Amino acid sequence: MRFEYVCRYCKQPVGTVEHKAWSYAEGVEHLALHHLSRDHQREVIESTGETVKIHTVCEHCEQAVNMNPELLVEGHIIQ
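Residues numbered from 1 in each chain as written. Predicted model: local features only at pLDDT ≥ 70, side-chain atom pairs only at ≥ 80, totals over all residues. Heavy atoms only, no water.

**Q** Looking at this structure, I do not really get unusual backbone geometry. What am I missing?
**A** Negative phi characterises most residues that are not glycine, and trans characterises most peptide bonds. Phi is positive for Lys11, which is not a glycine, with a value near 65°. One can find Lys11 in the loop between strand S1 (2-7) and strand S2 (13-18). Owing to a relative accessible area of 53%, Lys11 belongs among the exposed residues under this scheme. Located in the positive-phi region is Ala32, a residue other than glycine, with phi close to 65°. (Helix = DSSP H or I, 4+ residues; strand = E, 2+ residues; numbered from the N terminus. Buried < 20%, exposed > 50% of the residue type's maximum accessible area, 1.4 Å probe, protein only.)

Structure follows, in structure tokens:
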């Protein structure tokens, strides 16, 4: 199974973990996503067949928001 980390704001890829032998549940456990609450899991994990997208924040967007918090309006960065 392939797990892709993608920035929730700019949609740029952050990283990938691929392990053909893992099931969805095994991947979630190995990547420590099982520690998230069910609600948070629903917000950040998007499963589409053999690929699972995990929405995170890239360093660029994190720095932009930290330096200019007004960019973040209702969970989205103003482009």
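**Q** Explain the sheet that holds strand S4 (residues 51-56) here, please?
**A** Backbone hydrogen bonds hold the strands of a sheet together, and the pairing may be parallel or antiparallel. Taken together, 4 strands build an open sheet; the order of strands is S2-S1-S4-S3 and the sheet is mixed. Taken across any chain shown, the strands that pair with only one partner, and hence form the sheet edges, are S2 and strand S3 (45-48). Neighbour-to-neighbour, the strand axes of the sheet open up by a mean angle of 20°, direction not taken into account. Across 4 bridges, the pairing between S3 and S4 is antiparallel. From the neighbouring strand, Ile45 faces S4, where its bridge partner is Ile54. (Pairing = 2+ DSSP bridges. Axes fitted to C-alpha atoms, helices over the stretch in contact; angles between N-to-C directions.)

**Q** Is there a simple way to explain the nonpolar core in this structure?
**A** Across soluble globular proteins, you tend to see nonpolar side chains buried next to one another. By size, the foremost hydrophobic cluster in this structure holds 9 residues: Met1, Phe3, Trp22, Val28, Leu33, Val44, Ile45, Val52 and Ile54. Those residues in contact with Leu33 that lie beyond four places of it in its chain are Val28, Gln41, Ile45 and Ile54. (Core = buried A, V, L, I, M, F, W, Y, C linked by side-chain atoms within 4.5 Å. Contact = heavy atoms within 4.5 Å.)

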